[in-house]
Each structure stands twice: as C-alpha cells, then as structure tokens.
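Examination of the molecular architecture
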Amino acid sequence: MWSGETLAEHKIRERQRIEAIAARLRSHNTGYREQTGMGALLSNSESNQEYALLFTESVNTAAPLIVWIGPDWLGGVDELKDDKGGRAARQRPLSRAEHDDLGALIAEDP
C-alpha cells in the first residue's frame, strides 16, 4: 500500500475482507481504457497514486492482479496482454464516493 508520501505495507489475509474488496472492484468494472504511452506522459498518474493493491495466492507468487487507487482514478494490470506481449495497463475515472468506499475497505484498522 502506498499512502501519501510514506510507503507503508499491510497484508489483508481475512477472506471476508478480500472478498468484499474484490466484489467492490467487480461492481464497478466498467469504463477502463488501456493506457497508452502518450497518456502516461500526460496523466502523471503514477505520482499521485494513494494505494497499490497486489492480489497474490502466496508470498512467492507474482501478482496476477495489481490495482492502483489515485484521488480520482482507478487503474491496474492483470494477465491481459497488450499488442507487444506485455501486461496491459488500464485506468478509469474514480468518483469520490467510490474512492472513499475502497479506502474504508482497505484501511489498516477497518
């Protein structure tokens, strides 16, 4: 998890919380656009990400899904490949209500 200027990490292992986060992400799984090189240059989205979520099956497994949460955007990568064979990054706008709901679900002390 990236929070503000300080890198902090906590692991969520409670199946019920993980399922709630996944359900929330699935319920708003529309409106994503594939990130282009020009879009990345113009958006500056990496510098203002607030959280990064890595979904893994174990500590030694590469993350099959990574989700980033910014103040007004949601993005991520999964196993979908782009036209060059790399992982395709996508992002979409995120409303304040969606941001606050996700933040409450992933908070260290819910």
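Our subject is the structure that appears above.
Here goes a summary of the coordinates provided. These numbers were taken from a predicted model, which means no experiment stands behind them.

1. Remarks on the overall build of the protein chain
From N to C terminus, the protein chain includes 3 helices and 7 strands. Along the protein chain, from the amino end to the carboxyl end, the secondary structure elements read β-β-α-β-α-β-β-β-β-α. Counting across all 110 residues of the protein chain, residues that qualify as buried make up 27%. Restricting the contact set of the protein chain to residue pairs at least 6 apart, pairs at least 24 apart contribute 43%. Total accessible area on the protein chain stands at roughly 7600 Å², and carbon and sulfur atoms take up 52% of it.

2. Brief notes about the environment of Val77
Residue placement: Val77 occurs in strand S6 (residues 73-81). The spacing of Val77 and Ala89 is 12 residues in sequence and 4.7 Å in space, taken between C-alpha atoms. Excluding residues within four positions of it along the chain, Val77 makes contact with Pro64, Leu65, Ile66, Trp68, Arg87, Ala88 and Ala89.

3. Examining the pattern of salt bridges
Counting across every chain of the model gives 5 salt bridges. With a closest N to O distance of 2.9 Å, Glu98 and Arg92 form a salt bridge. The buried category is assigned to Arg92, whose relative accessible area is 8%. Across the pair Arg96 and Asp100 runs a salt bridge, and its minimum N-O distance is 3.3 Å.

What counts as what
- Residues numbered from 1 in each chain as written.
- Predicted model: local features only at pLDDT ≥ 70, side-chain atom pairs only at ≥ 80, totals over all residues.
- Heavy atoms only, no water.
- Helix = DSSP H or I, 4+ residues; strand = E, 2+ residues; numbered from the N terminus.
- Buried < 20%, exposed > 50% of the residue type's maximum accessible area, 1.4 Å probe, protein only.
- Contact = heavy atoms within 4.5 Å.
- Areas by Shrake-Rupley, 256 points an atom, 1.4 Å probe, with all protein chains shown as cover.
- Salt bridge = Lys/Arg side-chain N within 4 Å of Asp/Glu carboxyl O.

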